[in-house]
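The chain contents come next:
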Amino acid sequence: QVQLVESGGGLVQAGASLRLSCAASGGTFSNYAIGWFRQAPGKEREFVARINSGGDTTYYHDSVKGRFTISRDNAKNTVYLQMNSLKPEDTAVYYCAARTYTRTYYDPRAYAGWGQGTQVTVSS
């Protein structure tokens, strides 16, 4: 089973950019679609973006389309989330996970191997 570790979060001003990384260990990384999710205080974990195992198909939540880009480098066992034009409402802990179960791609229950998350805080 693949395990994932997120990094790259931080405190930035609105309009800035960040790139998050999701590094995998164990399992065969290139077999898995990977999803990014986020969870703000007092809210449920929500889908942000997903990339298929080959890296040629992506999905995004409407709120991040045109601002966020998900990509992967299977040679480095890493998935990235480039976040541009950040807004205060993007503030959350960001998690990545491997799609493991047969549920819709935006359902957190479809995923396993969750990392500890990385905090993103966007000030206005």
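Report follows, based on the coordinates. Predicted, not measured: the structure shown is a model, and the values here were computed from it.

As for the side chain of Asn52
Its place among the elements puts Asn52 in the loop between strand S5 (46-51) and strand S6 (58-60). Relative accessible area serves as the criterion here: at 16%, Asn52 is assigned to the buried category. Polar contacts involving the side chain of Asn52 include one to the main-chain amide nitrogen of Gly55, which spans 2.9 Å. Sequence-distant contacts of Asn52, that is, excluding residues within four places in its chain, are made with Tyr32, Ala33, Thr57 and Arg72.

Considering the side chain of Thr118
You can see Thr118 is positioned in strand S11 (residues 118-123). Look at Thr118 and you get buried, because its relative accessible area is 10%. Engagement of the side chain of Thr118 in a polar contact is seen with the backbone nitrogen of Gly9, the distance being 3.0 Å. If near-sequence neighbours (up to four positions away) are discounted, Thr118 is found in contact with Glu6, Ser7, Gly8, Gly9, Leu20, Ala92, Val93 and Tyr94.

Thoughts on unusual backbone geometry
Residues other than glycine seldom take positive phi values, yet Asn77 does so here, at roughly 50°. With respect to the secondary-structure elements, Asn77 resides in the loop between strand S7 (68-73) and strand S8 (78-83). Looking at Asn77, the relative accessible area reads 31%, which means it is partly exposed. Residue Ser85 is not a glycine yet carries a positive backbone phi of 50°. By the secondary structure assignment, Ser85 is in the loop between S8 and strand S9 (92-99).

Quick word on the pattern of salt bridges
When their charged atoms lie close together, side chains carrying opposite charge are able to pair. What the rule picks out here adds up to 5 salt bridges. Two residues, Arg38 and Glu46, come together in a salt bridge whose shortest N-O distance is 2.6 Å. Residue Arg38 is classed as buried on the basis of its relative accessible area of 6%. By relative accessible area, Glu46 is classed as partly exposed at 30%. The closest approach of N and O atoms between Asp62 and Lys65, which form a salt bridge, is 3.1 Å.

Digging into the sheet that holds strand S3 (residues 18-25)
On the basis of which strands lie adjacent, the open sheet formed by 4 strands has the order S1-S3-S8-S7 and antiparallel pairing. Taken across any chain shown, the strands that pair with only one partner, and hence form the sheet edges, are strand S1 (3-7) and S7. Between one strand axis and the next, the sheet turns by 20° as a mean value, whatever way the strands run. Looking at chain direction, S1 and S3 are connected through 5 bridges and run antiparallel.

Overview of the packing of aromatic side chains
Here a ring pair, both rings aromatic, is described through the centre-centre distance and the interplanar angle of the planes. Counted according to the given criterion, the structure contains 8 aromatic pairs. Each ring, one from Tyr59 and one from Tyr105, has its centre 4.3 Å from the other, and the planes form 20°; the classification is stacked. Within this pair, whereas Tyr59 is found in strand S6, its partner Tyr105 is found in the loop between S9 and strand S10 (111-112), the two being separated by 46 residues in sequence. The exposure class of Tyr59 is partly exposed, given its relative accessible area of 32%. An angle of 80° between the planes, with centres 6.3 Å apart, marks the rings of Tyr95 and Trp114 as edge-to-face. One end of the pair, Tyr95, is in strand S9; the other, Trp114, is in the loop between S10 and S11, with 19 residues separating them in the sequence. Looking at Tyr95, the relative accessible area reads 12%, which means it is buried.

Conventions used here
Residues numbered from 1 in each chain as written. Predicted model: local features only at pLDDT ≥ 70, side-chain atom pairs only at ≥ 80, totals over all residues. Heavy atoms only, no water. Helix = DSSP H or I, 4+ residues; strand = E, 2+ residues; numbered from the N terminus. Buried < 20%, exposed > 50% of the residue type's maximum accessible area, 1.4 Å probe, protein only. Polar contact = N/O pair within 3.5 Å; in protein donor to acceptor, adjacent residues only side chain to side chain. Contact = heavy atoms within 4.5 Å. Salt bridge = Lys/Arg side-chain N within 4 Å of Asp/Glu carboxyl O. Pairing = 2+ DSSP bridges. Axes fitted to C-alpha atoms, helices over the stretch in contact; angles between N-to-C directions. Phe/Tyr/Trp six-rings, centres within 6.5 Å; stacked < 30°, edge-to-face > 60°.

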